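Structural overview
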Amino acid sequence: MQILVTIAALLIVLGVVVFVHELGHFLAARWAGVRVDTFSIGFGPAIVKWHDKRGTQWKIACLPLGGYVSIYGQEDMFNRKKYKELSPDQKKGHYLSAPAWKQFIIIGAGVFMNFVLAWLLYSSLFMFKPSLVSNTQLPVIGQVVQESVAFNAGVRAGDTIVRIDDEKITNWGEVILAKELASGRDADVLIVREDKLIQVKLAPAERWGMVADGARKAEPQNQNLVRALYSGARKTYYESKTLLVVLKQIITGERSSKQLGSFITIAEYSGKAISDGFFTLLSLIALLSVNLGILNLMPLPVLDGGYLLILIIEAITRRKLQGRGMEFAIMAGWVLILGLFLLTMWNDLARVFGLNG
């Protein structure tokens, strides 16, 4: 029974996140006058399918672990010769018939919708269940390690951190993230001590040597709509930065790639979230929506970020990127995606079956 609940939760979570992403591409294409041939939730043979009045085929496929929107002519992006050979009627609604700036919006709309979804869900949680999204640990320092970077800079127990570099600090989680972002360089830290503002500079180090005052926590309060929308945007921004830091650390070797998980990990978290209640499930959907948005912005030719980069390069150079070189780049992108999929699957299988020793 628990397995069925976990599978159902996984399908709900992935279904919502992927549907919203693809809906962004779909709506932008319709707005730009570009024809959408297929809107599919999942891959493989269709379980259910139908056509709308504009000829788009909608379907739910048998492998609902993702989805896609098929836009007429998008595959001709690197084969302009084929496009030029089309008749005027065949070019109507073609992706390449839209100006480059509209193509940019079509490609970027999926990621945009993921961030909008996360923002709205986080905002709702700040209104109705703030305990799930609020870091209640205040940025008050409870202890400073002797002879540490913080100690030598003049930081003392009882100080409150209010800003690191250009980022406002409201909780201890933001202190940790700011520390990671400042890796390899000095950080300008603004603290409050006895109602006085003091500026200190913390040198790069593995640890700054500060410990939070565990007794100084805020009680999460339900927020009104305006405040919740602001907090939701800030939470979305914070989670985006956190993921970027984690990815950077994995690439540079500072963090193990074993922490990456596949849909098995998502299924486990989904099953637990649905058991913990509706709001916990919304929190997970919001986090995964942020993750999907950030990952899709990676500059790989098969991801949205890769296509956006290509459009930017074409706009700057005023030359269309096409030919065998682009075909090789796309193939390399697919190889990287497949390699990442296999790595995450291995990580999960090794964890589940205890193969890590």
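Thresholds applied
- Residues numbered from 1 in each chain as written.
- Predicted model: local features only at pLDDT ≥ 70, side-chain atom pairs only at ≥ 80, totals over all residues.
- Heavy atoms only, no water.
- Helix = DSSP H or I, 4+ residues; strand = E, 2+ residues; numbered from the N terminus.
- Phe/Tyr/Trp six-rings, centres within 6.5 Å; stacked < 30°, edge-to-face > 60°.
- Buried < 20%, exposed > 50% of the residue type's maximum accessible area, 1.4 Å probe, protein only.
- Lys NZ or Arg CZ within 6 Å of the ring centre and 35° of its normal.
- Core = buried A, V, L, I, M, F, W, Y, C linked by side-chain atoms within 4.5 Å.
- Contact = heavy atoms within 4.5 Å.
- Patch = residues over 30% accessible without salt bridge, like charges linked within 9 Å, V, L, I, M, F, W, Y side chains within 5 Å.
- Areas by Shrake-Rupley, 256 points an atom, 1.4 Å probe, with all protein chains shown as cover.
- Salt bridge = Lys/Arg side-chain N within 4 Å of Asp/Glu carboxyl O.
- 1 Å grid on protein atoms, 1.4 Å probe; cavity = no way out; pocket = protein on both sides within 12 Å on 5 of 7 lines; lining within 4 Å.
- Points joined across faces, edges and corners; volume = space filled by probe spheres on them.
- Nonpolar A, V, L, I, M, F, W, Y, C, P; charged D, E, K, R; others polar.

**Thoughts on unusual backbone geometry**
- Notably, Glu 147 is not glycine yet its phi reads approximately 60°, a positive angle.
- By the element assignment, Glu 147 lies in the loop between strand S3 (141-144) and helix H5 (149-153).
- A positive phi angle is found at Asp 165, which is not glycine, with a value near 55°.
- Secondary-structure assignment places Asp 165 in the loop between strand S4 (160-164) and strand S5 (167-168).

**Some points on the packing of aromatic side chains**
- Overall, the coordinates contain seven aromatic pairs when judged by the stated rule.
- Pairing Phe 26 with Phe 39 gives two aromatic rings, centres 5.7 Å apart and planes at 75°, and the pair type is edge-to-face. Placement of Phe 26 in helix H1 (residues 2-32) and of Phe 39 in strand S1 (residues 36-51) is noted, with a sequence separation of 13 residues between them.
- When the ring of Phe 26 is compared with that of Trp 58, the centres are 5.0 Å apart and the planes differ by 65°; the resulting orientation is edge-to-face. Note that Phe 26 is positioned in helix H1 and Trp 58 in strand S2 (residues 57-71), a separation of 32 residues in sequence. For the pair formed by Phe 26 and Trp 58, the shared burial category is buried.
- The ring of Trp 31 carries the charged tip of Lys 102 above its face, separated from the ring centre by 5.3 Å.

**What to know about the nonpolar core**
- Counting 31 residues, the largest nonpolar core has Val 34, Tyr 95 and Ile 106 as its most contacted members.
- Where this core is concerned, the elements lending two or more residues are H1, S1, S2, helix H4 (100-128), helix H10 (304-317) and helix H11 (324-352).
- With five residues, the top contributor of residues to this core is H1.
- With near-sequence residues (within four places) excluded, Ile 106 lies in contact with His 25, Ala 28, Ala 29, Ala 32, Val 34, Ile 71 and Tyr 95.
- In this structure, Val 13, Leu 125, Ala 228 and Val 290 belong to the second largest nonpolar core, which totals 22 residues.

**Let's talk about a nonpolar patch on the surface**
- On the surface, Ile 3, Leu 4, Ile 7, Leu 11 and Leu 65 cluster together into a nonpolar patch covering about 470 Å² of accessible area.
- Counting residues per element, the nonpolar patch draws most heavily on H1, which supplies four residues.
- Looking at the element boundaries, Ile 7 is found in helix H1.
- According to the relative accessible area criterion, Ile 7 is partly exposed, its value standing at 43%.

**Structural notes on the layout of surface pockets**
- Estimated volume of the second largest pocket: approximately 600 Å³.
- Lining the second largest pocket we find 24 residues, and of these Phe 126, Ser 134, Asn 135, Thr 170 and Asn 171 sit closest to its centre.
- Looking at the lining of the second largest pocket, the elements with two or more residues in it are helix H6 (172-181) and helix H7 (225-252).
- With eight residues, H7 is the largest single contributor of residues to the lining of the second largest pocket.
- Grouping the constituent residues of the lining of the second largest pocket by class yields seven nonpolar, 10 polar and seven charged.

**Regarding the side chain of Asn 114**
- Tracing the backbone shows Asn 114 in helix H4.
- With residues near it in sequence (within four places) discarded, Asn 114 still touches Val 17, Val 20, His 21, Ser 289, Leu 292 and Gly 293.

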